[in-house]
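Single-letter residue listing:
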Amino acid sequence: VVKQWSVLAPNAEIVNLYGQTEATLAQLYRRNVQGTTSYPIPVGMARPGIEVTMNDDGSGMGEVFLAAETPSLGMLASTSDSVHQIVPIPSPLPTGDLGYFTGNGELVVVGRVGNDIKYGGRRISFHEFVNAVEELPEVLQCVVADRDGPHVFVATDCVDSLHATIQGLGRQFNLPRFLLHLQP
């Protein structure tokens, strides 16, 4: 992506920004990434007032956690009866991203921890949904992938009877609309 933008806008400064899905603010940044020749490109250093930590298991890599001197009050969420409430954000916040620090302290993000996907500006966990689908007697395996939105792939012995049941489970777990692929 950096190479493509560098060709389209050769005189522009390209800044790599990073922040958790639950916020609209960049928490880390790296300026002038257009000159980078090594990959992956670090997301950079934390802005003032942000602390970045990791639950390193000894491998030098782990889940990224962010904490702020002035954390938000929380996220707006709906309960099952459509009542809105503020849900506190934990601090430090587990981002769900897997990363490591370079020798000069910049963060590099290399993937995700677990099975959350980021969709529509939200982090969505399909873990309980996948467990519920895999408990259905006709289901052999369920996998969720992000391909321009959530896709649910289900290996099954009985394609015909499962579509409505699985879509109903999606509504039960308050998931966004997803494309369902039943594989015999």
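Located above this text is the structure these notes cover.
Here we summarise the structure given alongside this text. (Residues numbered from 1 in each chain as written. Predicted model: local features only at pLDDT ≥ 70, side-chain atom pairs only at ≥ 80, totals over all residues. Heavy atoms only, no water.)

All right, on to the overall build of the protein then. Tallying secondary structure elements over the protein gives 3 helices and 14 strands in all. With respect to the principal axes defined by its C-alpha atoms, the protein has extents near 55 × 40 × 35 Å. Looking at the protein as a whole, 31% of its 184 residues qualify as buried. The contacts in the protein between residues at least 6 apart in sequence include a share of 43% that link residues at least 24 apart. Accessible area of the protein: about 11500 Å², with a carbon and sulfur share of 54%. Charged side chains of the protein number 11 positive and 19 negative; the gap between the two group centres comes to 10 Å. (Helix = DSSP H or I, 4+ residues; strand = E, 2+ residues; numbered from the N terminus. Buried < 20%, exposed > 50% of the residue type's maximum accessible area, 1.4 Å probe, protein only. Contact = heavy atoms within 4.5 Å. Areas by Shrake-Rupley, 256 points an atom, 1.4 Å probe, with all protein chains shown as cover. Lys, Arg positive; Asp, Glu negative; His and termini not counted. Charge placed at Lys NZ, Arg CZ, Asp CG, Glu CD.)

This brings us to a nonpolar patch on the surface. A surface patch of nonpolar side chains, amounting to about 410 Å² of accessible area, comprises Val1, Trp5 and Leu8. Looking at where Val1 falls in the secondary structure, it is placed in the segment before helix 1 (2–8). You can call Val1 exposed: its relative accessible area is 72%. (Patch = residues over 30% accessible without salt bridge, like charges linked within 9 Å, V, L, I, M, F, W, Y side chains within 5 Å. Salt bridge = Lys/Arg side-chain N within 4 Å of Asp/Glu carboxyl O.)

Okay, the sheet that holds strand 14 (residues 179–183) next. The strand order across the open sheet formed by 3 strands is 12-13-14, and the pairing between neighbours is mixed. Sheet topology places strand 12 (139–146) and strand 14 at the edges, where each strand pairs with a single neighbour. Going from strand to strand, the sheet's axes swing by 20° on average, the running direction of each strand aside. In the sheet, strand 12 pairs with strand 13 (residues 150–156) via 7 bridges, with the strands oriented antiparallel. By the bridge assignment for strand 13, Val144 is matched with Val152. Along the sheet, helix 2 (residues 127–134) contacts strand 12 and strand 13; its crossing angle with strand 12, the most-contacted strand, is approximately 155°. Across the sheet, helix 3 (residues 163–172) lies against strand 13 and strand 14, angled at about 140° from strand 14, the strand it touches most. (Pairing = 2+ DSSP bridges. Axes fitted to C-alpha atoms, helices over the stretch in contact; angles between N-to-C directions.)

Let us now look at the packing of helix 2 against helix 3. Axis separation between helix 2 and helix 3 bottoms out at 10 Å; the angle between their running directions is 150°. Taken together, the axis directions place helix 2 and helix 3 in an arrangement best described as roughly antiparallel. Regarding helix 2 and helix 3, the two cross each other, and that crossing is right-handed. Residues Phe129, Ala132 and Val133 of helix 2 form the contact with helix 3, whose own contacting residues are Ile166, Leu169 and Gly170. Grouping the constituent residues of the contact of helix 2 with helix 3 by class yields 5 nonpolar, 1 polar and no charged. (Parallel < 35°, antiparallel > 145°, perpendicular 65-115°, else oblique. Left-handed = near helix turned anticlockwise from the far one by under 90°. Nonpolar A, V, L, I, M, F, W, Y, C, P; charged D, E, K, R; others polar.)

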